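Here is what each chain is made of, one letter per residue.
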Amino acid sequence: MSSLTQKPLFNPTADTSYEKRMLIGGETTNLMMLSNNKYKWSYPLYKTMMQNFWIPEEISLGQDKMHYERLEHDERETFNKVISFLVFLDSLQTVNLPNINDYVTLPEVNLLLNIQTYQEALHSQSYGYILESIVGAEKQQEIYDIAIKDPFLLKRNKYIADCYQEFIDHQTEEGFAKVMMANYILEGIYFYAGFSFFYNLARFGKMTGVGTEIKYINRDELTHLALFQNMFRELKKERPHIFTKALEEELREMMRQAVEHEVEWGAYAVGDRIQGLSASLIDQYIRYLSNFRLDAIGLDPLYPEITEDPLPFIKQFTNFNQTKTDFFEEKVINYAKGGSDLDLDGLDDLDL
Ligand SMILES: [Fe+2]
Ligand SMILES: [Fe+2]
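Residues numbered from 1 in each chain as written. Chains lettered and ligands numbered in written order. Predicted model: local features only at pLDDT ≥ 70, side-chain atom pairs only at ≥ 80, totals over all residues. Heavy atoms only, no water.

## Things to note about the overall build of the chain
At step 1: Counting secondary structure elements, the chain contains 12 helices and zero strands.
At step 2: Reading the chain from its N terminus to its C terminus gives the helix and strand order α-α-α-α-α-α-α-α-α-α-α-α.
At step 3: At 20 Å, the chain has a C-alpha radius of gyration in line with the 20 Å of a compact globule built from 352 residues.
At step 4: The principal-axis extent of the C-alpha atoms belonging to the chain is close to 65 × 45 × 40 Å.
At step 5: The 352 residues of the chain split such that 57% are buried.
At step 6: When contacts within the chain are restricted to residue pairs at least 6 apart in sequence, long-range pairs at least 24 apart make up 79% of them.
At step 7: Surface accessibility of the chain: about 14,900 Å² in total, with carbon and sulfur atoms responsible for 53%.
At step 8: In the chain, which carries 34 positive and 54 negative side-chain charges, the distance between the mean positions of the two groups comes to 1 Å. (Helix = DSSP H or I, 4+ residues; strand = E, 2+ residues; numbered from the N terminus. Rg over C-alpha atoms; globule rule 2.2 N^0.38 Å. Buried < 20%, exposed > 50% of the residue type's maximum accessible area, 1.4 Å probe, protein only. Contact = heavy atoms within 4.5 Å. Areas by Shrake-Rupley, 256 points an atom, 1.4 Å probe, with all protein chains shown as cover. Lys, Arg positive; Asp, Glu negative; His and termini not counted. Charge placed at Lys NZ, Arg CZ, Asp CG, Glu CD.)

Set out below in structure tokens:
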């Protein structure tokens with residue numbers, strides 16, 4: 001195991017020549033020298049993340065309050081559980097990303113991780129806005145508390161936090177790869193039973209304002225996936241010796257475990273009680289998604305037998321080009337000035 005030390009805050013004697021610039025364990029003065037970046041993908045990704053800027057309050061949720069009251073009992077229960085879990089995930093990201101960033105020695109990646117951190121905080125704020133818009137103060141607290149008081153969710157949330165805590169307690173290069181994987185799994189798997197629930201409600205005309213909020217959150221999350229996919233590729237180039245067969249199997253095992261947890265969560269929170277969804281559809285969808293996620297970082301898929309998307313309607317919501325205009329004819333939110341030269345498809349194999 002190669003240990004990793006936290007970079008000094010300011011190191012005026014650092015050698016910042018190209019060869020010495022690396023994702024971790026590189027030399028950095030910590031000056032944010034953001035021109036002539038080593039990683040050429042970083043600037044297009046930066047522009048995309050910045051142009052995705054959005055404001056939760058600009059999406060009207062007046063109708064959603066009425067919809068919420070008219071939801072079936074089971075739909076409302078699932079809605080509450082899913083929101084509470086999403087609050088947990090985005091909160092954990094906001095708090096933990098700086099712990100990862102402390103060990104990153106490339107300013108262009110420090111910049112992107114900071115933007116990601118801010119976006120995760122914005123996502124938490126959007127859930128606050130959603131709850132304030134549709135339920136009273138007492139109910140809001142009750143919904144936040146599900147993440148801590150529901151025994152199923154508490155156990156799951158502790159597991160997720162423990163994966164991050166491990167790197168806070170022990171820093172090694174292999175541990176860095178694993179905490180990156182934990183982050184990648186959170187961004188690319190743990191959101192998706194919840195997202196599919198909201199998109200499913202929206203396609204039946206229910207809670208469409210919330211569906212739009214989720215779509216913008218999802219758009220941000222996809223750039224976070226792109227960031228970590230690219231970080232993985234760079235780390236593999238710079239530290240090939242840590243990517244042993246054993247470590248790669250460990251990373252795949254993390255994914256296998258994550259899929260099991262997300263599938264159990266889907267069965268618990270959504271189950272077979274919601275029109276248009278079922279536990280087995282979510283099961284297949286999460287496995288299908290995990291194949292893409294692993295393939296995108298050069299690892300073998302776990303479920304090669306699953307080749308068809310069991311929830312094709314989700315693509316309508318996550319297609320990047322479509323999110324530039326509003327699917328539900330809410331206010332169009334696109335702060336990009338004039339014609340945009342952004343093309344996320346141009347980023348390496350970003351699998352949606
Ligand atoms: Fe987020
Ligand atoms: Fe994220």
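## What to know about the coordination of the iron ion (ligand 2)
At step 1: Protein-derived coordination of the iron ion (ligand 2) comes from Glu120 (OE), Glu187 (OE), Glu187 (OE), Glu221 (OE) and His224 (ND1), at a distance range of 1.9 to 2.2 Å.
At step 2: In the primary sequence, the donor residues of the iron ion (ligand 2) line up as E-x66-E-x33-E-x2-H. (Donors = N, O, S within 2.8 Å, 3.2 Å for Na, K, Ca; no water.)

## Topic: the pattern of salt bridges
At step 1: Taken as a whole and judged by the stated rule, the model has 15 salt bridges.
At step 2: Salt-bridge contacts for Glu173 lead to Arg239; the nearest nitrogen and oxygen are separated by 2.8 Å. With Glu173 in helix α7 (residues 173-190) and Arg239 in the loop between α9 (208-238) and α10 (245-269), this pair connects stretches of sequence that are 66 residues apart.
At step 3: Of the charged contacts in the structure, one is a salt bridge between Glu248 and Lys236, with a shortest N-O distance of 3.7 Å. Placement of the pair is Glu248 in helix α10 and Lys236 in helix α9, with a sequence separation of 12 residues.
At step 4: A relative accessible area of 22% means that Lys236 is categorised as partly exposed.
At step 5: Residues joined in a network through salt bridges with shared partners are Glu260, Asp283 and Arg287. (Salt bridge = Lys/Arg side-chain N within 4 Å of Asp/Glu carboxyl O.)

## Quick notes on the UniProt feature "active site" (unreviewed entry) in the chain
At step 1: According to UniProt, the feature "active site" (unreviewed entry) maps to Tyr127 in the numbering used here.
At step 2: Among the secondary structure elements, Tyr127 is positioned in helix α4 (residues 107-134).
At step 3: Not counting chain neighbours up to four residues away, the residues in contact with Tyr127 comprise Ile83, Leu86, Val87, Asp90, Ile214 and Ile217. (UniProt positions renumbered as here; feature names shortened; annotations may be inferred.)

## Remarks on the coordination of the iron ion (ligand 1)
Ideal values for angles at a metal depend on the geometry: 109.5 degrees with four tetrahedral donors, 90 or 180 degrees with six octahedral donors.
At step 1: Distances from the iron ion (ligand 1) to its protein donors, namely Asp90 (OD), Glu120 (OE), His123 (ND1) and Glu221 (OE), fall within the range 1.9 to 2.2 Å.
At step 2: One way to put it: the four donor atoms around the iron ion (ligand 1) meet at angles of 92 to 128 degrees, and that makes the site tetrahedral.
At step 3: Each donor residue of the iron ion (ligand 1) belongs to the same chain, with the gaps between them written as D-x29-E-x2-H-x97-E.
At step 4: Here the iron ion (ligand 1) and the iron ion (ligand 2) are spaced 3.6 Å apart, and both take Glu120 as a donor. Highlighted residues: His123 in helix α4 and Glu221 in helix α9, separated in sequence by 98 residues. (Tetrahedral: all angles 85-135°; square planar, octahedral: opposite > 155°, others 65-115°.)

## Quick notes on the side chain of Asp64
At step 1: Along the chain, the position of Asp64 falls in helix α2 (residues 62-70).
At step 2: For the buried Asp64, which has no salt bridge, the nearest side chain bearing the opposite charge is Arg70, at an N-O separation of 11 Å.
At step 3: Within the local environment of Asp64, its side chain forms a polar contact with the backbone nitrogen of Gly209, the two atoms lying 3.1 Å apart.
At step 4: What Asp64 contacts, discounting residues up to four positions off in sequence, is Ile134, Met207, Thr208, Gly209 and Val210. (Polar contact = N/O pair within 3.5 Å; in protein donor to acceptor, adjacent residues only side chain to side chain.)

## Comments concerning the UniProt feature "binding site: Fe cation 2" (unreviewed entry) in the chain
At step 1: Feature annotation in UniProt places "binding site: Fe cation 2" (unreviewed entry) on Glu120, Glu187, Glu221 and His224, given in this structure's numbering. In three dimensions, the annotated residues from a span of 105 residues occupy one location, with a maximal C-alpha spread of 10.6 Å.
At step 2: Within the element layout of this structure, Glu120 appears in helix α4.
At step 3: The exposure class of His224 is buried, given its relative accessible area of 0%.
At step 4: In this view, His224 contacts Met49, Gln116, Gln119, Glu120, His123 and Glu187; residues no more than four positions away in its chain are not counted.

## Concerning helix α5 (residues 137-149)
At step 1: Under the 1.5 Å per step criterion, the end-to-end length of α5 is 18 Å for 13 residues, consistent within 8% with the ideal 18 Å.
At step 2: Every buried residue of α5 is listed here: Gln140, Ile143, Asp145, Ile146 and Ala147.
At step 3: Contact partners of the buried residues in α5: α2, α3 (73-101), α4 and α6 (151-169). (Expected span 1.5 Å × (residues − 1).)

## Here's the deal with the packing of aromatic side chains
At step 1: With the rule as written, the count across this model stands at 17 aromatic pairs.
At step 2: Ring geometry for Tyr39 versus Trp41: centroids 5.4 Å apart, planes at 20 degrees, classification stacked. Like Tyr39, the residue Trp41 is buried in the burial classification.
At step 3: Relative to Tyr199, the ring of Phe195 has its centre 6.3 Å away and its plane inclined at 45 degrees; by these criteria the two rings are tilted. A residue pair is termed a helical-turn pair when its members lie 3 or 4 positions apart in one helix, as Phe195 and Tyr199 do in helix α8 (residues 192-203) at four residues. (Phe/Tyr/Trp six-rings, centres within 6.5 Å; stacked < 30°, edge-to-face > 60°.)

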